[in-house]
Structure formats: C-alpha cells, structure tokens
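# Residue-level structural notes
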Amino acid sequence: MSLPRRNGSLELGECTRNPGFQDDEESVADNSNAVPVETRESSAVKLETTEEEYTQIKPYAGMPKEVLLLYSTQARYRVPREILFWLTVACTLALVALTITVIALSPGCLSWWQASPVYQVYPRSFKDSDGDGVGDLKGVLQQLDHFQYLNIKSIWISPFYRSPMKDFGYDVEDFRDIDPLFGTMQDFDDLLAEMHNKGLKLIMDFIPNHTSDRHRWFNLSRTRDPEYSDYYVWTDCNATGPKPNNWVSIFGNSSWTYDEVRGQCYLHQFLKEQPDLNFRNPNVRKEIVDIIHFWLQKGVDGFRMDAVKHILEAAHLRDEPQVDPNKPPEEVTTEWDLYHDYTTSQLGLHDLLRGWRAEMESYSREPGRYRFMVSESYDYHEVDKTMMYYGTPQVKESDFPFNFYLLDLPQNTSGLWAQHLVHLWMSNMPKGKWANWVVGNHDRPRIASSAGPKYVKVINMLLLTLPGTPTTYYGEEIGMENINITDSQVQDPAGKYNTSLSRDPQRSPMQWSDDTNAGFNTKSNASWLPVHPDYSTVNVEAQKKDEGSVIAQYRLLNTLRQTELPLHRGWFCYVHADAHVFSYIRELDGLDQAFLMVLNFGDESVTTDFSSVNELPGQLEVLMSTNHINNGKVMQKSRIVTEAGEGLVIRYSTSTRFNPNHSKECYISEKACYLSVLDILYKC
C-alpha cells in the first residue's frame, strides 16, 4: 500500500492484498469449503430479510412468551378457552344452587330419640352383678348387647343417685353422687363410655320437685341457715293443731309435716321424707341448673323430668276445692278427693322448663350429640295441659311429654277404644310435633297382666307401628307379667300405706334365662323381690331360639320400623275401627309401597271387609302376623281374617295414596315426599 502525497495531503491508495494473511472469519470459512466473500454478504442480507417476514405455522412446545401471546389472541384458541371458563363458572353456580335447593327442600333428619324406641331400665331389677340381690350399674353394663340385639339405641335408666331409698331413688340425698347400692361414679363413667362406644344414648331420670329429708339443703334449711332458710316451702303451724290447708299427698294424707327443729310445717307432695323445693327462690333455680350442667358435662344424652306439674304451688296456700263438696273435710285423704288447682301446673312452670331446655341446647351443637328432654306429667282427662309441654312455635320446651293414654288400653280391649286413645293424642298434638306412646312403666301394672298374655304381641305391634317414639318398659319385649307378693314381701312405700297400691308386682327381676333367679343374680340366691314363677319359659334366652316368640316379633317390628320410610316418618291414616278391630295405613307420598295394619283387640275371631277402601288392591299379602304361621298368607281385601289378639302387618304396592282423599283421618309430623329417580326425600 502506497501513501502518495498531493498538495500537502495524504491519500489512501488502492490496497494490495497480502496473500499470506488470514483473519478469523476466513479461517472459519476455510473450514466450510471457503465460501466466497460475496456469497457470505449475500447470505447475511437474506437472513435479515427472513427474520422480518417469519411466520410459524402452529404453536410448539417451549415457544417464547411473545409467540404464545401472539397465538393466544387468535379466535380458534381464545373462544374454546372462554367457553370452558364460563362452563366451569356455570357448573359451579349450578352445584351451589342445587346444594342450597336440596338443603332447603330436604326434611330434617330424624334425631336419635326419634329413630329408636326408648327402653326403660329399672336398675334395681335389671341385672345384679355383685350378688347382693339388687341390680346395679355394672349389671346394666353387662347387658348392653341386649339393646343392640333389639336394635334399640335410647336407654332411660331410673334414678341411681345417692338416696335413703324411701322411694327407691326418687328421694335424692345427693344429686352429684351414685348410691353405693348401684355402684360408684367410676362405674357410671365406665357405663356411659361403653354405651357411647356402642352407639347407645343414656337418658337420666331427673327429680327437680323435691329432695330427701337427709339432703344437706334441708338440714341447713330446718336450722334456718340464712342462705338455705327459704330453700323449701315452710309455713307456720304447730305439732298438734290443724294443718295449714287441706292439700293431700300423692301417697295419701296431708301434704304438711311439722318439723320440731324449725318449729314449722314443710310441704311434701309425695312422702314426708321428700320435702318440696321452693322454686320461687332464685338460688334454688340456680342450684338445679348447676346440677343439670354437672351431668351434661359428663356426657349424659338427655333427661326425663320427673313429676314436673308439681314443681310450683300457689303462694297463697288456699284450700283446694273438693270433688265432692258434701264430703266431710276430715275424710279428704287421697289425691282423688280434691281438684288440684293450687298444687299443679301453676303459672311459671313452663318458664322454668323452657329455661332448662335452653341450658341443654348449648350442649346440643355438636353433631350427633343432641340433648333430649322429656317431661312426665299425668294430666289424665286434661290433655290440653299435657300438650303445653311441647312448648310454642317460638320457644322450645320438651321434645315431647310422655303419652300415658295407652296405659288405659286394658280398660276396654276393643278396636274402637284403641282408636279413641290414639286419636286423643293425635288430634290434640300441636302441628309439626312428634308423638310418643307408653304401654307400661314402673308405676303401672304390666300390660301382659292388665290386658292378658294373648294381647301382648298385638299391643307391641300397635306400639311399634304408630307414628312417633315408642317407650318399652324392661321385660315387655318378652311379655313379662306382674308377680304376686305377700304383705311381708312389700317393699314399695305406697304399698306400705295400702297394699293394694303397691307397685312391687311390676318391678320384679328381669328374666334373662332359666338359671337361678332367672339369670338376674347368678352369684347368690338373693333377690330384692321374688322372680316370677314362669321364668323357666318366659326369658330372653329361650325366646331367642323361638321365631314365634314375643322377643322375635318385637325385634323384627323394630327393625321394620327403622328401615321402612312409611313406618318411621310417613302418613298415619285411620281406615277402620269396630268392637274388635283397629286398622290404619302408613304411607309416604311418592313411594309405591305402603302398609296396612289390622289389629284385633276383641275376644273372638272376625272377618273385616275393606272393599270400600278403593286405595287398597284387591289381594293383600301378610308380611307379618303375631301368629307367625300366617306370615305370607294372601287374602282378599273383602275378607281379612284375624283371631282374637292377632295383629297383621300387610305390605302392598300402589300408585294411589290414601291421604289426599281422607285428610281428616290422616296425620303427619313433617310432610315429606319420596323422589325415586334420585332416591331422596324432599319437602312437599
């Protein structure tokens, strides 16, 4: 290269390439078969042009964000994505709406106290575990499998509080302790825990009206302790003078007893050893609430509130009107001699009960732990008073008051009488409430004795097929009868006043087997009451082996009641009643199966004609008879034959409901319909 100089300046002249020089690009080019420089320049130009005009035919994995955004805005990708998004939103909203609809339309699930019968255990007579001749809590624990065999979940145990036993536990000395006769608090805790493990519920007897005269409160009250002076109902009187008024005890004679320590009379509507608490004292009300909390915190599932109508009495203490005004006052000695206008069902009673119900509600929030409350009140012909224990539509009280009207069934064993007693409750029960039925308890003769052994099965069939909750007194599931006792064997306080009033006959030991003492006590020969002499044949063990026995029928009926929708929550409709037969239908709207019950309470075999019931099919098949040889028999509806004391459960298929055309003869607690397509119940 030369650098010529012109006019004092330097100019770059033509270069002469050095053949021996190579730069990096040329070295690379040499390795690629030496592409000429012109060709390289041309390629570079072409590459730049290609990048500017580049289009991808379809998306590919790993594409950069810019390319992804480019394609995501295209209709063929955007539209399907939006469709899927809005479909998801729509489906979610539809599912939420469907869930809300199902919840809103579904009837409430039955609680445990509605689904199962209530079984009453009288602990003195149920099972003796230690050989002292008296039943106890460990004995109940040993027999829990019996309840499971019967498919019973709700167990009511009569009082086992610490007590002097003047009224066999209904005279409470300490509400927070177990009487040693029945065991210890640890025995109770073990029993409750095992019951819950087996899915059973424990209902305790609660006695709010009175205490024992040995209770600490009474001893402090009679000495006029400032805090406890007003815990009981006291009034001025003297030991030899007339009583404050003519009020009479349930057990007979005056309701007033003079106390020498205090120098006044105290009120007792039961035994003199059972002084009435003064519920007009707010401290007494608080004490009772605290006791309720004590047992609920232990896990008790409910209470039977004992003798609630006696809780309050009129403060003015006036004489009650005599039933017979002409009867000399000195001859007024029984509760039947007076109208109890001032000693029962007083103003403020239901406020107390509703308050206790509210306390129990706070323990009912846990799923499956609903706390149940039932009231005991014998109101006889004043059924409207009994119905008040259901509460109001705004304020809840008892889940139900005990229905004792079927206890009168033996007075007149006929179909018409049975229908009358059932209708007495159903026609007066507030709308939407739950019925219940009792045919025996520790205060009334056993149904097998009062009605007769041949009616036991048909009465149990009535009990377990009526709408609502049945209550079974221990031994009724095997048809136990009353025992006969001599004057020297009387244990009941009422019987000691008057032998004919003794309740001992219906409290004899449970008959488990044909062993010693009927299996009630297998460790010694002791028994607080005699065992019924028929125990060798009438016992649980023997009847389990006989498919036609009372217990076999009871178990089957109870299983049927809990598995068939029409029986446990369907319509109840009267169909027929006469001097012998009481018949009714159980059905559910939307379900093509229904049940016809035909129960003969008369004293002879009869044929019943159901031809006028158009909703029944022409032929009817017996699902179950109290005489099991008739099971499966097919009869014409114009000739349904039943023997004296026989009951039939007939299941039939139909698309025609009985209740729409006979609304005055039909009742239902909560109306529900069955939707077979989805296999669900809904409000209708």
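Residues numbered from 1 in each chain as written. Predicted model: local features only at pLDDT ≥ 70, side-chain atom pairs only at ≥ 80, totals over all residues. Heavy atoms only, no water.

### Looking at the environment of asparagine 558
- Counting through the fold element by element, asparagine 558 comes out in helix α19 (residues 550-563).
- Distance in space between the C-alpha atoms of asparagine 558 and leucine 463 is 9.8 Å, their sequence separation being 95 residues.
- Here asparagine 558 is in contact with Pro117, Leu150, Asn151, Ile152 and Leu464, once residues within four sequence places are set aside. (Helix = DSSP H or I, 4+ residues; strand = E, 2+ residues; numbered from the N terminus. Contact = heavy atoms within 4.5 Å.)

### Considerations on the confidence of the model for the protein
- Mean pLDDT over the protein: 91, with 91% of residues reaching 70 or higher.
- Note that residues 1-16 has pLDDT below 50 and, in this model, ten contacts with residues that lie over four places away or in other chains.
- Across residues 24-52, confidence stays below pLDDT 50; counting only partners more than four residues off in sequence or on other chains, it has eight contacts. (pLDDT = per-residue confidence, 0-100.)

### Overview of the side chain of serine 229
- Relative to the elements of secondary structure, serine 229 occurs in the loop between α10 (216-222) and β8 (234-235).
- Sequence-distant contacts of serine 229, defined by excluding residues within four places in its chain, comprise Ser221, Arg224, Trp234 and Arg262.

### Some thoughts on the UniProt feature "domain: Glycosyl hydrolase family 13 catalytic" (unreviewed entry) in the protein
- Mapped onto this structure's residue numbering, the UniProt feature "domain: Glycosyl hydrolase family 13 catalytic" (unreviewed entry) falls at residues 120-507.
- Here residues 120-507 is 27% helix and 12% strand, with 12 Å between the C-alpha atoms at its ends. (UniProt positions renumbered as here; feature names shortened; annotations may be inferred.)

### As for the packing of aromatic side chains
- Counted under the stated rule, the structure contains 43 aromatic pairs.
- Considering the side-chain rings of tryptophan 234 and tyrosine 266, the 5.7 Å spacing of their centres and the 70° angle between planes classify their relative orientation as edge-to-face. Highlighted residues: tryptophan 234 in strand β8 and tyrosine 266 in strand β10 (residues 264-267), separated in sequence by 32 residues.
- Between the aromatic rings of phenylalanine 294 and tryptophan 295, the centroid separation amounts to 5.0 Å while the plane-to-plane angle is 85°, which identifies the pairing as edge-to-face.
- Exposure remark for tryptophan 295: the relative accessible area of 0% places this residue in the buried category. (Phe/Tyr/Trp six-rings, centres within 6.5 Å; stacked < 30°, edge-to-face > 60°. Buried < 20%, exposed > 50% of the residue type's maximum accessible area, 1.4 Å probe, protein only.)

### Topic: the sheet that holds strand β9 (residues 256-259)
- Spatial ordering of the open sheet is given by β8-β10-β9, a layout of three strands whose pairing is antiparallel. Looking along the sheet, the strands with just one partner apiece sit at the ends: β8 and β9.
- Sheet topology note: the β9/β10 ladder contains four bridges and is antiparallel. Residue pairing in the sheet places threonine 257 in a bridge with tyrosine 266 of β10. (Pairing = 2+ DSSP bridges.)

### Observations regarding the pattern of salt bridges
- Tallied over the full model, the rule gives 27 salt bridges.
- Glutamate 273 is paired through a salt bridge with lysine 272; the nearest N and O atoms lie 3.0 Å apart.
- Exposure remark for glutamate 273: the relative accessible area of 13% places this residue in the buried category.
- For lysine 272, a relative accessible area of 39% puts it in the partly exposed group.
- Several salt bridges share partner residues, and in doing so they unite Asp167, Asp443, Asp492, Arg503 and Arg507 into one network. (Salt bridge = Lys/Arg side-chain N within 4 Å of Asp/Glu carboxyl O.)

### Section: the state of the cysteines
- Tallied over the full model, the rule gives three disulfides.
- Across the disulfide from cysteine 573 sits cysteine 666; the S-S distance is 2.1 Å. Across the S-S bond of cysteine 573 and cysteine 666 the torsion is about 120°, and the bridge reads as right-handed. A residue pair is termed long-range when its members are at least 10 positions apart, and cysteine 573 in strand β16 (residues 571-577) and cysteine 666 in strand β24 (residues 666-667) qualify at 93 residues. For the pair formed by cysteine 573 and cysteine 666, the shared burial category is buried.
- With a sulfur-sulfur separation of 1.9 Å, cysteine 673 is cross-linked through a disulfide to cysteine 684. Measuring the twist about the S-S bond at about 85°, one finds the cysteine 673-cysteine 684 disulfide to be right-handed. With cysteine 673 in strand β25 (residues 673-675) and cysteine 684 in the segment after β26 (680-682), this residue pair connects regions lying eleven residues apart in the sequence.
- Of the residues examined, cysteine 673 reaches a relative accessible area of 9% and is grouped as buried. (Disulfide = S-S within 2.5 Å.)

### Observations regarding α19
- Its 14 residues give α19 an end-to-end C-alpha distance of 20 Å, which sits within 8% of 20 Å, the value for a rise of 1.5 Å per residue.
- Of all the positions in α19, only Val550, Ile551, Ala552, Gln553, Tyr554, Leu557, Asn558, Leu560 and Arg561 are classed as buried. (Expected span 1.5 Å × (residues − 1).)

### So, the pairing of strand β4 (residues 154-157)
- Side chains Ser154 and Trp156 of β4 all project onto a buried face; the interleaved residues Ile155 and Ile157 project onto the opposite face, where all are buried too.
- Relative to β4, strand β3 (residues 118-121) is paired through four bridges, and the arrangement is parallel. Within β4, the position partnered with tyrosine 119 by the bridge is isoleucine 155.
- Note: β4 against strand β7 (residues 201-206), four bridges, orientation parallel. Among the inter-strand pairings, isoleucine 157 is bridged to a residue of β7, identified as methionine 204.

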